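What follows is each chain in one-letter form.
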Amino acid sequence: MGFFVGGPMTVTVRTRFAPSPTGFLHIGGARTALFSWAYARRHGGQFILRIEDTDVARSTPEAVQAIVDGMQWLGLAHDEGPFYQMQRMDRYREVIQQMLAAGTAYHCYTSKEELDALRAEQEAAKEKPRYDGRWRPAPGKTLPVVPEGVAPVVRFRNPTDGVVAWDDQVKGRIEIANAELDDFIIARADGTPTYNFCVVVDDRDMGITHVIRGDDHVNNTPRQINLLEALGAPVPVYGHLSMILGDDGQKLSKRHGAVSVMQYDDEGYLPEAVLNYLGRLGWSHGDEEVFSMAQFVEWFDLDHITSSAAQFNTEKLNWLNAHYIKLADDARLGNAIVERLARGGVTATASPDPAAIAALYKDRVQNLNELADCAHAFYVAPQASAEMLAQHLTEPAKAALADLSRRLASADFLPEVLAKTLKESLAATGLKMPQVAIPLRVVLLGQPQSPAIDRVLAVLGRDEVLRRLERMLA
RNA sequence: GUCCCUAUCGUCUAGAGGCCUAGGACAAUACCCUUUCACGGUAUGAACCGGGGUUCGAAUCCCCGUGGGGACGCCA
């Protein structure tokens, strides 16, 4: 193939993300989707979304929606799909019939009880449990008598000799002896196809060229390759991503730490921060830490993916989030303030301007919720604690604020003018800046720290500033 | 038990035999900036799992341990 690079033999890259809809899109799934998406984008190919919903008992439409929502929030758009495996049953049955006819699959009447007994026996003998091939046809072999009234399963006739090998794009070459594999079931007694079979038929039919997935599928790969070969289908390139561990180094699971990507939205993370973080978790481009998706797509490759598990680090995500908030447009952040304040039942009015508040706080917060918390005091006059008032609102401070209040009544509410007014008041009262600025913060915002006080005054506006001063000084 | 994967600072990672007295980032610590708190800036500490090989030379290659993870379903 190398001789035809760029020529007519070049095959379009087609990747897929194939979640089973049994829950939300979690961080590991999101990264798998991101890498598959990026690989397709990088090579001008297609990214396909496939819903593996053959586990009827656990799959739900809500989960499908949650996954689609999560991908949409991240901006990982698919080019084809979503395809649903449950809608492809006829196709699977057709292929099973073909395999039965070709002799690459066969009926097996072994009952579950017999299988359990077999497994128990093998485990007792310290052997790897596997089907013993009792119903596998062979020249000169007499098969057991077909039992009455038993619906058979269909098993794949797996090769018995040799090894299955592939050059995993992230793990390197992996070889597994066929002797380790058994004749696994491809169709249940009720006729429904099983996972490994559906995946293979789908990957073939959908023309998938690169399978990028979690490394929990490494063990499925040799079976799938054998199946693909039995079907005479091309074998895609595989790349198995190692898992993401929780912040505590523990494996993520539904009952431990696994959260929906949408929870990051709730917690005030920007999608670009999550994307950047995920892109850098288990993949690197030299020392690059901060990059846009456009840049990521340009750089992304399978050669620089880490093959060992990575621990999720919220602090680094926080740092990236703070970075992207600094970069974000004020109007966008203003909207986030309005929306998040509304969740707490607070209506942010046009004045003070939410975007102006965002500009004031964007380089001091780590997430959108903190930003909204900062904005809160601009819309709802805060109640400083008695202790805080006692500490900061001393008699000299009150006198200074009274003087300042008089001057502000006639000042233009522009930062430069306010800074000047503040200085004039300081000169008149003989106090230092902190001696006035801190009590002023307490009165205005209910806390002794804030951005530059002149800017706070300008954003809060004259009416509100004077109202709050009056109320406190009364 | 069998098979498979994996192992560099606390964390994410750079590193494809000499460029490594192991680099970057987050976090930590200190200092600077500052009207407060942040932001920002500067600096410091911090790692090649262990043991054997191969080689003039190994974080890099091989083997054996050990730790971690996964698989062994009529789940996906």
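All figures in this text were calculated on a predicted structure; none of them were measured in a lab.

1. Examining the confidence of the model for chain A
Point 1. Averaged over chain A, the pLDDT score is 90; the fraction of residues at 70 or greater is 97%.
Point 2. Across the interfaces of the predicted complex, the ipTM metric reaches 0.94, alongside a pTM of 0.92.

2. Focus: the state of the cysteines
Point 1. Overall, the coordinates contain zero disulfides when judged by the stated rule.
Point 2. Here cysteine 198 stays unpaired: no disulfide links it, and the sulfur of cysteine 108, its closest cysteine neighbor, is 19 Å away.

3. Here we look at the packing of aromatic side chains
Any pair of aromatic rings gets described here by the distance separating the centres and the angle formed by the planes.
Point 1. Scanning all chains against the criterion turns up 16 aromatic pairs.
Point 2. Look at tyrosine 264 and phenylalanine 312: their rings are 6.1 Å apart centre to centre, the planes differ by 45°, and that puts the pair in the tilted class. Linking tyrosine 264 in helix H7 (residues 261-266) with phenylalanine 312 in the loop between strand E12 (310-311) and helix H10 (314-327), this pair joins segments that are 48 residues apart in sequence.
Point 3. Classification of tyrosine 264 as buried rests on a relative accessible area of 9%.
Point 4. Phenylalanine 312 sits in the buried class, given a relative accessible area of 6%.

4. Examining the pairing of strand E2 (residues 46-51)
Point 1. Buried residues dominate E2, accounting for five of its six residues.
Point 2. When strand E1 (residues 14-17) meets E2, the two strands line up parallel, connected through four bridges. The partner of arginine 16 across the bridge, within E2, is isoleucine 48.
Point 3. Handedness of the crossover joining E1 and E2 through helix H1 (residues 27-42) is recorded here as right-handed.
Point 4. Both E2 and strand E3 (residues 80-84) contribute to a ladder of three bridges, which runs parallel. Following the sheet pairing, isoleucine 48 is matched in E3 by glutamate 80.
Point 5. Tracing the backbone out of E2, into helix H2 (residues 61-74) and back to the parallel element E3 gives a crossover that is right-handed.

5. Considering the protein's contact with RNA strand B
Point 1. Lining the immediate environment of RNA strand B, one finds 57 residues, of which Lys126, Arg188, Glu289, Arg364 and Ser450 sit closest.
Point 2. In RNA strand B, atoms within 4 Å of the protein come 67% from sugar and phosphate.
Point 3. A distance of 3.0 Å separates a sugar or linking oxygen of RNA strand B from a polar atom in the side chain of asparagine 219.
Point 4. In the model, a sugar or linking oxygen of RNA strand B is placed 3.1 Å from a nitrogen or oxygen of the lysine 316 main chain.
Point 5. Put simply, the parts of the chain that give the surface near RNA strand B at least two residues each are helix H4 (112-124), E12, H10, helix H17 (433-445) and helix H18 (453-460).
Point 6. Looking at the surface near RNA strand B, its residues break down into 18 nonpolar, 16 polar and 23 charged.

Parameters and conventions
- Residues numbered from 1 in each chain as written.
- Chains lettered and ligands numbered in written order.
- Predicted model: local features only at pLDDT ≥ 70, side-chain atom pairs only at ≥ 80, totals over all residues.
- Heavy atoms only, no water.
- pLDDT = per-residue confidence, 0-100.
- Disulfide = S-S within 2.5 Å.
- Phe/Tyr/Trp six-rings, centres within 6.5 Å; stacked < 30°, edge-to-face > 60°.
- Helix = DSSP H or I, 4+ residues; strand = E, 2+ residues; numbered from the N terminus.
- Buried < 20%, exposed > 50% of the residue type's maximum accessible area, 1.4 Å probe, protein only.
- Pairing = 2+ DSSP bridges.
- Right-handed = clockwise from strand over helix to strand, strands pointing away.
- Near = heavy atom within 4 Å.
- Polar contact = N/O pair within 3.5 Å; in protein donor to acceptor, adjacent residues only side chain to side chain.
- Nonpolar A, V, L, I, M, F, W, Y, C, P; charged D, E, K, R; others polar.

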